[in-house]
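# Fold and geometry: a report
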Amino acid sequence: MTTTSMGLDVVEASRLLFAAGVMSHSGHGNISARADGDRFVLTSTGMIANLTTEDLAVVGMDGDVLEGELGPENAEIVAMHSVVYRARPDVGGIVHTHSPSATAFALALQPLPCRSEALLRFGQAGPVPVVPWGPRGSDVSVRGIATVLASAPTTNAVLLANHGLLAFGADPVAAARLVVAIEDSAEAELAAARIGGGVEFPAGALDSVRASMARVRR
């Protein structure tokens, strides 16, 4: 896949997020797509509304800008993306947002439970864990992400304490769809708390969902 086509995937992911209404009032976020070798395409600033392919840069895992320009506010978060790509070879796209309901869990330092079928269907079959706080893009924050990914190797998202959400998937659009499912689930959890709290899935729920999805795809 060329960097151009990956850039189009990043743009599509951004449009999906705003169309779904899961972005914070500021519209702040960042999106990346893995390229060949040790490179990825990254949004050049934190303002990703009305994104075009002109608003992207190609960076190396070490932070070097290889194509385009990268604003200072995004230069500091390169490591936040590269640590996921290094830890998870299966990941092809990453989305970071401050989606309000998911961020509420991050502010409370509370993992988001997996009690919504949408989470199962979009690949998050366990709680979304919390990464301890560290300054944005700092070594402390990056080490925290690496530690949580090592302890929860099947998670497709983490909550960044006092900050926001980091979700990943096979490509940027898959990651964006997971963000939507997480934000919906977080909002539902907060609503359920007012009427007694959410209830866990019965045993075997994930297998049942997988079987149902497999039947549809035949």
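In the block above lies the structure referred to throughout.
Model, not experiment: these values are computed from the prediction.

Each value, and the rule that gives it
Residues numbered from 1 in each chain as written. Predicted model: local features only at pLDDT ≥ 70, side-chain atom pairs only at ≥ 80, totals over all residues. Heavy atoms only, no water. Helix = DSSP H or I, 4+ residues; strand = E, 2+ residues; numbered from the N terminus. Rg over C-alpha atoms; globule rule 2.2 N^0.38 Å. Buried < 20%, exposed > 50% of the residue type's maximum accessible area, 1.4 Å probe, protein only. Contact = heavy atoms within 4.5 Å. Axes fitted to C-alpha atoms, helices over the stretch in contact; angles between N-to-C directions. Parallel < 35°, antiparallel > 145°, perpendicular 65-115°, else oblique. Left-handed = near helix turned anticlockwise from the far one by under 90°. Core = buried A, V, L, I, M, F, W, Y, C linked by side-chain atoms within 4.5 Å.

This next bit is on the overall build of the protein chain. When helices and strands are tallied, the protein chain shows 8 helices and 8 strands. Here the C-alpha radius of gyration of the protein chain, 17 Å, is about what a compact globule of 218 residues would show, namely 17 Å. Overall, the protein chain is about 50 × 45 × 30 Å in size when its C-alpha atoms are taken along their principal axes. Counting over 218 residues, the protein chain shows a buried share of 49%. Restricting the contact set of the protein chain to residue pairs at least 6 apart, pairs at least 24 apart contribute 64%.

Direction vectors running N to C along helix α4 (residues 100–107) and helix α7 (residues 172–192) enclose 65 degrees, while the axes themselves pass 7 Å from each other. Between α4 and α7, the angle is such that the two are roughly perpendicular. α4 and α7 meet at a crossing whose hand is left-handed. On the side of α4, the interface is formed by P100, S101, A102, A104 and F105, while α7 contributes I182, E183, A186, E187, E189 and L190.

Turning next to the packing of helix α1 (residues 3–20) against α7. Axis angle and axis distance: for two packed helices, these are the angle between their axes and the distance between the axes, and together they describe the pair. At their nearest, the axes of α1 and α7 sit 8 Å apart, and the two run at 15 degrees to each other. Our classification of the angle between α1 and α7 gives roughly parallel. Considering only the axes of α1 and α7, their crossing is right-handed. Contacts between α1 and α7 pair D9, V10, E12, A13, L16, L17 and A20 from the former with P172, V173, A176, R177, V179 and V180 from the latter.

Time to look at the nonpolar core. In terms of nonpolar packing, the biggest core is built from 41 residues, with L17, L159 and I182 touching the most fellow members. Of all the elements, α7 adds the most residues to this core, at 9 residues. If you look at the next biggest cluster of nonpolar residues, it comprises 23 residues, including V59, I77, Y85 and L149.

What follows deals with the environment of G134. Position of G134 among the secondary structure elements: in the loop between β6 (130–131) and α6 (139–151). Relative accessible area serves as the criterion here: at 9%, G134 is assigned to the buried category. Separated by 11 residues in sequence, G134 and I145 place their C-alpha atoms 9.9 Å apart. Residue contacts for G134: discarding those within four places in its chain leaves V140 and S141.

Such coordinate-based values are descriptive only and should not be taken to indicate function.
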